[in-house]
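One-letter residues, chain by chain:
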Protein chains: 2
Amino acid sequence: MKSLFAAGFALLATSAMAADIPEVEAWRAAHEAQIVGQLDELVRFKSVAADPAGLQATAAHLQDLLKARGFDATLLTDKDYAPVVLGERKTPGARRTVIFYAHYDGQPVTPSEWTSDPFVPVMRTGIDGEYVDWKVARSPLNPAWRLFGRAAADDKSSITAFLMAFDALKASGIKPSVNIKVLWEGEEERGSAHLADALRPHLDALKADLLLIGDGPLHQSRTLTLYFGARGGTGFEATVYGPLRALHNGHYGNWAPNPASMAAQLITSLRDDEGRILIPGFYDDVRPLAAAEKDAIAHLPPVEDGLKREFGMGRSEGSDGLTLSTMRPALNVQGIRSGQVGAEAAGAIPPDAVISMGYRLVPGQVPAHVQQETEDFLTAKGWTIVHAPPDLATRLAHPRLVMLKWGGGYPALRSDMTSAAAQATIAAAGGGSPVTLLPMMGAGVPIYLFDDLFHIPVIGLPITNHDNNQHAANENLRLKNLWDAVNLYARMMSQLKW
Amino acid sequence: MKSLFAAGFALLATSAMAADIPEVEAWRAAHEAQIVGQLDELVRFKSVAADPAGLQATAAHLQDLLKARGFDATLLTDKDYAPVVLGERKTPGARRTVIFYAHYDGQPVTPSEWTSDPFVPVMRTGIDGEYVDWKVARSPLNPAWRLFGRAAADDKSSITAFLMAFDALKASGIKPSVNIKVLWEGEEERGSAHLADALRPHLDALKADLLLIGDGPLHQSRTLTLYFGARGGTGFEATVYGPLRALHNGHYGNWAPNPASMAAQLITSLRDDEGRILIPGFYDDVRPLAAAEKDAIAHLPPVEDGLKREFGMGRSEGSDGLTLSTMRPALNVQGIRSGQVGAEAAGAIPPDAVISMGYRLVPGQVPAHVQQETEDFLTAKGWTIVHAPPDLATRLAHPRLVMLKWGGGYPALRSDMTSAAAQATIAAAGGGSPVTLLPMMGAGVPIYLFDDLFHIPVIGLPITNHDNNQHAANENLRLKNLWDAVNLYARMMSQLKW
């Protein structure tokens, strides 16, 4: 789909360059092929959960890249998870230490959905543009071009920007202002389930004053963005039971219970058409926005009209606007399946209906409590909840039976936007220019985990275009984002001071 | 699935034999292999819509089978539809003429869902029983055995019963009491769309006093059944639109409209959990049950507890019971698809949701009016209805957009249970024993079409077991049903008098 939104903000994005360090920007302009080449090289590593050897090889290569730059670099390895890459490079005389986090694993791929091989990067002139051979193109490359490949955006672009920024500073003779630590993990896309356990024995080595998360997209205005939190989440799959086998709906229609209709009732009892969650008291635990957070939201660049056009939306849920909406908890219907539609539709009452629903949680909410509230609510609505497929006796004994399978469960976090570390981060990121400040990203990143583990400020430092298809086919990174990111990372390494 | 219900009624079903003509029953008992062989032979013809040559070959063979029995037999042929087999055999001195209708086409097959080849009949000892070789088995064959194959029940069993009953009467020297006409069509499973046009030039040749429909299952009590009508129907597929592409529900959840949630609202606005249709005035056109119809329903054998166990149902929709429920119009959700569930579930807002819904209509209701009422109701609920995929401008202009595709559309019919023809049919079918009388079958058969065309009483003469999987994989016929059907058809040919 042609992005209707992209063109309008091209000028805005260019203005961010006012803050760039001249020597770094000059190095970047002179090394475009090398920068793209570094990202291209990383994307060719098959670092996806389905390929443990690919994850291992990627981690080993990242270790080499750090060592080549004078870092102490080690791998935390275990048979149960992809290696964690740790790196450290001290800066003589620096008071502060900053951890740069990113993940090197990518989302699973379904190659048939891609227009090119997910692990053989290709350059295109735009999201649906012509294919171009960047290796023979003259510099400057068109900044609207995009490199396509799994993890090209999420997060190998951040890793590339980190490495190239380090090289640019070195080539320019600019000394870092902080001690630099690196934490690159390989199972974020599977939920970072082993990360805390892997890191816990190394907390001394990871001692720092600030953690920057090189994950997530820029604000849709394509402006330089920092975020100070992320929503949490939990989710469930609900299976609603009808007759044991599909029944002719002529002979049994409006007598045998229709599970698709019951599933619809279950959904509409939980959330309304405006996205309001209908469980009584559900919003009671929600921590209100602080004054600085409200102020930041009030100053966000306007994007909604453009996004509505881009997405073909004739309305939005609720009337709070995009950002305030994502500061609230959400209950999303992710999928529903029952019976057949299209050419396979039959005059039958389906035997069951399966619904996938996901909560997005906000600070103050506890996943286990939300799960309990949900079950209590459904029970009060007449549902009998089971957690394994019911036997015949159970089916016969309960008029409304639903099997719930819970997945995930992690809290939200919004860290203090007014702390000294936060103010220093804003100043360094902007280099004097304004920065788009998002109190909380709508999507989840392992920010709560780092807060728990390190008790230091954790701030999101996104660099990718918002329209990067990061969890879908044809993931891509705009070159403009990569150029800006090299400059941004150079500022974060050399201008952070507090 | 093991039928929990089958065993309980085995004795009841046996009692129907009290009425059998002794000579016919003796012939049947002596010719079990021949009777099964006739059905086996017919099932091997691939008479499904996907195989026009198979339909042609079946019709030609049926014509031969009629000619061999002294019938005038012709085929109505046309490039647009499967041949219609017409047959006639006059009975000297008979005052009345009866048309025996059945269809020789079967439902489409998905062979991967079958446990055996749909066109190579196999005998099993029960619905999930052992495979047995009926060709080497000694007579009497176990009447609980079932022959599996597409159309083995629906309707090649009726055609077989007709042929074998005719042979039994002839062998027994029993003269038919009526002139016999045969109408066997080959596109019932596609909605008999061309049947009226095909028959209209031949109305003189088809002149008769009664039409018996050899289609549909027996009552679930496995007792001898006649039905006097069938529900009508119409249906639609609704596509509800969300964002143009799947969106990350962390970044956009409870701002971008969720089409699965909207689809749930659409369903629950149209029908409640008890099957009540919520369109104001929807039931106004419904013709009330006549006294004879109410009386017949009150005398139906009780089957609900058994069916609930068989189907694993912890409740039913409504409290009227099965038969009264199917005397009302129904709105069935046949299927719904949106986003992904299971291992493929993603944290995404799906781009659309597709719902397949089917109305079952009752006498008094006009399909076109029901369609209009539905669209008016949805419009009043805030939906904008389109009948083709919307362009971007249409999406942007309308907050709630749904594309409706209507299919089908045929009225219901309940014919007079007290007419002389009806009383004669009941008497001949029962041979003095009680008959289960169903004022209207829940499912559709082309009964309204014959009523329109011929203006004669139309009565359903079902023979198959209700658990025959007729519109699914592993369609099957119980031998007991075939044995009873040979006797039943012999009575209908030789004892019908009014």
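Quick word on the environment of B:Leu42
Residues and elements named next belong to chain B. Assignment of secondary structure puts Leu42 in helix 3 (residues 32-43). Considered as a pair, Leu42 and Ala151 are 109 residues apart in the sequence and their alpha carbons are 8.8 Å apart. Leu42 has contacts with His61, Leu62, Leu65, Lys156, Ile159 and Thr160, leaving out every residue within four places of it along the chain.

Side note on the sheet that holds strand 5 (residues 131-132) of chain B
Residue and element names in this part refer to chain B. Across the sheet, which stays open at both edges, the four strands sit in the order 5-4-6-21 with antiparallel pairing between neighbours. With one partner strand each, in any of the chains shown, strand 5 and strand 21 (476-478) form the two edges of the open sheet. In this sheet, strand 21 lies alongside strand 6 (residues 146-148) in antiparallel orientation, the contact comprising three bridges. The residue of strand 21 that forms the bridge with Arg146 is Arg478. Contacts from helix 16 (residues 479-494) reach strand 4 (122-124) and strand 21, with the element oriented near 65 degrees to strand 21.

Examining unusual backbone geometry
All names here are of chain A. Residue Ser139 is joined to Pro140 through a cis peptide bond whose omega torsion reads 0 degrees. For Pro140, the position within the fold is in the loop between strand 5 (131-132) and strand 6 (146-148). Cis geometry marks the peptide bond from Asp154 to Asp155, where omega comes out at 5 degrees. Inspection of the secondary structure assignment puts Asp155 in the loop between strand 6 and helix 5 (156-172). With phi around 60 degrees, Asn474 is a residue other than glycine that occupies positive phi space. With respect to the helices, strands and loops of the structure, Asn474 is situated in the loop between strand 20 (458-460) and strand 21 (476-478). A relative accessible area of 15% means that Asn474 is categorised as buried.

Some words on the interface of chain A and chain B
The partner chain B presents 87 residues to the 88 residues of chain A that form the contact. Viewed at the interface, chain B and chain A are joined by six salt bridges. There are 40 residue pairs in polar contact (both at pLDDT 80 or more) connecting chain A and chain B. Top contributing element to the side of chain A that touches chain B by residue count: strand 13 (residues 330-339) of chain A, with nine residues. Looking at the side of chain A that touches chain B residue by residue, the classes come out as 35 nonpolar, 34 polar and 19 charged. Bridge analysis of strand 13 of chain A against strand 13 (residues 330-339) of chain B gives five bridges, and the strand direction is antiparallel.

Some words on the nonpolar core
Judged by nonpolar contacts, the single largest core of 72 residues is most densely connected at A:Phe162, A:Trp184 and A:Leu496. Looking at which element gives the most residues to this core, the answer is helix 16 (residues 479-494) of chain A, with ten residues. Apart from residues lying up to four places away in sequence, A:Phe162 is in contact with A:Leu66, A:Phe71, A:Phe100, A:Ile180, A:Val182, A:Trp184, A:Tyr489 and A:Met493. Judged by nonpolar contacts, the second largest core, of 71 residues, contains B:Phe71, B:Trp134, B:Phe166 and B:Leu437.

Quick look at the relation of the copies chain A and chain B
Laying chain A over chain B is done by rotating through 180 degrees and shifting 0.0 Å along the axis; what remains is an RMSD of 0.1 Å. As the rotation angle and translation indicate, the two copies are arranged about a two-fold axis. For chain A, the minimum C-alpha distance to the rotation axis belongs to A:Ala264 and amounts to 2.2 Å. A high fraction, 99%, of the interface residues of chain A reappear at the interface in chain B, so the copies pair face to face through one surface.

Quick notes on the sheet that holds strand 21 of chain A
Residues and elements named next belong to chain A. What the four strands build is an open sheet, ordered 5-4-6-21; its pairing is antiparallel. For this open sheet the edge positions go to strand 5 and strand 21, each flanked by a neighbour on one side alone. Pairing analysis gives three bridges linking strand 4 (residues 122-124) to strand 6, with the strands arranged antiparallel. Each bridged residue has a counterpart across the sheet, and for Val122 the counterpart in strand 6 is Phe148.

As for helix 9 (residues 291-298) of chain B
Residue and element names in this part refer to chain B. Of all the positions in helix 9, only Glu293, Ala296 and Ile297 are classed as buried. Along helix 9, the residues classed as buried sweep out an arc of 100 degrees about the axis, all on the same side. Residues of helix 9 that are exposed and point more than 90 degrees away from the buried face comprise Ala291, Lys294 and Ala298. On its buried side, helix 9 packs onto helix 11 (322-326), strand 18 (413-414) and strand 19 (436-438).

What counts and what doesn't
Residues numbered from 1 in each chain as written. Chains lettered and ligands numbered in written order. Predicted model: local features only at pLDDT ≥ 70, side-chain atom pairs only at ≥ 80, totals over all residues. Heavy atoms only, no water. Helix = DSSP H or I, 4+ residues; strand = E, 2+ residues; numbered from the N terminus. Contact = heavy atoms within 4.5 Å. Pairing = 2+ DSSP bridges. Axes fitted to C-alpha atoms, helices over the stretch in contact; angles between N-to-C directions. Buried < 20%, exposed > 50% of the residue type's maximum accessible area, 1.4 Å probe, protein only. Salt bridge = Lys/Arg side-chain N within 4 Å of Asp/Glu carboxyl O. Polar contact = N/O pair within 3.5 Å; in protein donor to acceptor, adjacent residues only side chain to side chain. Nonpolar A, V, L, I, M, F, W, Y, C, P; charged D, E, K, R; others polar. Core = buried A, V, L, I, M, F, W, Y, C linked by side-chain atoms within 4.5 Å. Least-squares fit on C-alpha atoms with pLDDT ≥ 70 in both. Arc of directions from axis to C-beta.

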